Amino acid sequence: MMTATAMRLGFVMDERACKPRLRARLAGLLLAFVAAFASPVALVAADAPADILPSWNDGEAKNEIVDFVTRVTSEGSADFVAPAERIAVFDNDGTLWTEQPNYFQGMFAIDRVKAMAPEHPEWKDKEPFASLLKGDMAGVAAAGEKGIVELVMATHAGMTTDAFTKTVTDWFATARHPRFDRPYNEITFLPMRELLDYLRASGFKTYIVSGGGIEFMRPMTEQMYGIPPEQVVGSSITTKYELDGDAPVLMREPKIDFIDDGAGKPVGINTFIGRRPIFAAGNSDGDYEMLRWVTAGSGPRFGMIVHHTDGEREWAYDRQSPVGKLDKAMTEAEQRNWLLVDMKNDWRKIYAFDK
């Protein structure tokens, strides 16, 4: 069985599997135009408040979120929180974007091995590269954590940080998700992007705290979620300052530096953010310690778990899944007053491209 470390590095090999703000601004301009020429009846419609979290179905989950945000942002409220303390942290895999049938970073590494194979003829006879090149994912899994780390290091290290950023950006520009046949940067959860926008509009600062590679996520998070790279906390390999001729560069070395998963998440938050958040969202047991630490603080706190229950529009999985396993956190959600979001029942749309 593979360890959590290997899984969070981006690989799970299973034999069975292998701009809301812009729209709001345009809508506002359109309403203003219509109002200038409309009848009094139309003016009433134009003045109606916009729906908060429009891709969420009306119900308990949506109400709890809006109630919390209203309480902590209303001056005079007993639960008012100063803007500087309004910190919200979000896991990424399975919370902001889809993580099935494998973590996006795992799919990236697989594609990179195939692309690099002509330069490494020795891989044809070396495991786990040989199994991967033959499409034998069970053989790759049999290599265990040591083999998985070897694959990750071969595809993520031995280059400058600038070169790696370009490689990741180019992959996102061309690779397509195997189920939806769409670019990976479209396979993000619309309700969660709306939640990020809603929190920021309410004075929150939003961060990603993920087990995924920090330099794999950073080139894309601002475009996808409006979260700049300096607000991304993730797992990392070591980097070293070097001179390439007279040019200073940062070289990525084949050595793990920090795993931002499980108990590493509160440590990463403390190290890189320096404030205990008041809002945390995750989807798996890898987020358990983050949820515990965030919601154990004094004052108003909010913990939220995205439960994947929609096998038709996305995937349905929890306790037995090798990817994004949700067991302990789900068992304790009610006891710890964490909101368990039912993807099938609470989300009107999952992706922006849903009908």
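Residues numbered from 1 in each chain as written. Predicted model: local features only at pLDDT ≥ 70, side-chain atom pairs only at ≥ 80, totals over all residues. Heavy atoms only, no water.

Draft legend 1. How the structure looks around the overall build of the protein. The helix and strand tally for the protein stands at 15 helices and eight strands. With an accessible surface of roughly 16700 Å², the protein has 53% of that area assigned to carbon and sulfur atoms. (Helix = DSSP H or I, 4+ residues; strand = E, 2+ residues; numbered from the N terminus. Areas by Shrake-Rupley, 256 points an atom, 1.4 Å probe, with all protein chains shown as cover.)

Draft legend 2. Molecular detail of the pairing of strand S6 (residues 279-282). Residues Phe279 and Ala281 line one face of S6 and the alternating positions Ala280 and Gly282 line the opposite face, and both faces are buried. Inspection of the sheet shows S6 paired to strand S7 (residues 302-307) by four bridges, in the parallel sense. Bridging from a neighbouring strand, Ala280 pairs with Gly303 of S7. Remark: the S6/helix H13 (residues 288-295)/S7 crossover connection has right-handed handedness. (Buried < 20%, exposed > 50% of the residue type's maximum accessible area, 1.4 Å probe, protein only. Pairing = 2+ DSSP bridges. Right-handed = clockwise from strand over helix to strand, strands pointing away.)

Draft legend 3. View of the packing of helix H5 (residues 104-116) against helix H8 (residues 144-156). In contact at an axis separation of 9 Å, H5 and H8 are set at 70° when each is read in the N-to-C sense. Between H5 and H8, the crossing angle belongs to the class labelled roughly perpendicular. Relative to H8, H5 is oriented so that their crossing is left-handed. Listed contacts from H8 to Gln105, Phe108, Ala109, Arg112, Val113 and Met116 of H5 are Leu151, Ala154, Thr155 and His156. (Axes fitted to C-alpha atoms, helices over the stretch in contact; angles between N-to-C directions. Parallel < 35°, antiparallel > 145°, perpendicular 65-115°, else oblique. Left-handed = near helix turned anticlockwise from the far one by under 90°. Contact = heavy atoms within 4.5 Å.)

Draft legend 4. Geometry of the pattern of salt bridges. The full count for this structure, using the stated rule, is 16 salt bridges. Of the charged contacts in the structure, one is a salt bridge between Lys265 and Asp91, with a shortest N-O distance of 3.0 Å. Taken as a pair, Lys265 in helix H12 (residues 264-272) and Asp91 in the loop between strand S1 (87-90) and H5 lie far apart in primary sequence, 174 residues in all. A single burial state applies to Lys265 and to Asp91, both of which are buried. (Salt bridge = Lys/Arg side-chain N within 4 Å of Asp/Glu carboxyl O.)

Draft legend 5. Quick peek at the nonpolar core. Core analysis: the biggest nonpolar cluster contains 54 residues, and Trp56, Ile65, Phe90, Met192, Leu195, Phe279 and Met304 have the highest contact counts within it. If you tally residues by element for this core, the top one is helix H11 (residues 214-225), at six residues. With residues near it in sequence (within four places) discarded, Met192 still touches Trp56, Phe90, Thr95, Leu96, Ala281, Met304, Val306 and Trp347. (Core = buried A, V, L, I, M, F, W, Y, C linked by side-chain atoms within 4.5 Å.)

Draft legend 6. Structural context of the environment of Ser74. Residue position: Ser74 is located in the loop between helix H4 (60-73) and S1. Ser74 sits in the partly exposed class, given a relative accessible area of 27%. When the C-alpha positions of Ser74 and Ser202 are compared, they lie 9.8 Å apart, and in sequence the two are 128 residues distant.

Draft legend 7. Summary view of a nonpolar patch on the surface. There is a patch of nonpolar side chains on the surface, built from Tyr241, Leu243 and Leu250 and spanning about 330 Å² of accessible area. Positionally, Leu250 belongs in strand S5 (residues 247-258). Looking at Leu250, the relative accessible area reads 39%, which means it is partly exposed. (Patch = residues over 30% accessible without salt bridge, like charges linked within 9 Å, V, L, I, M, F, W, Y side chains within 5 Å.)

Draft legend 8. Quick look at the pairing of strand S4 (residues 232-244). The pairing of strand S3 (residues 205-213) with S4 spans three bridges and is parallel. The residue bridging Val209 from the neighbouring strand is Val233, located in S4. Bridging between S4 and S5 involves eight bridges; their strand directions are antiparallel. Following the sheet pairing, Asp244 is matched in S5 by Ala247. The hairpin turn running from S4 into S5, its antiparallel successor, is two residues long, and Gly245 in that turn takes a positive phi close to 70°.

Draft legend 9. Quick peek at unusual backbone geometry. In this structure, the amide linkage connecting Gln100 to the following residue, Pro101, adopts the cis form with an omega of -5°. Tracing the backbone through its elements, the reader meets Pro101 in the loop between S1 and H5. Unlike most non-glycine residues, Asp181 shows phi in positive territory, near 50°. Along the polypeptide, Asp181 turns up in the loop between helix H9 (161-174) and helix H10 (190-201).

Geometry only, nothing functional implied.
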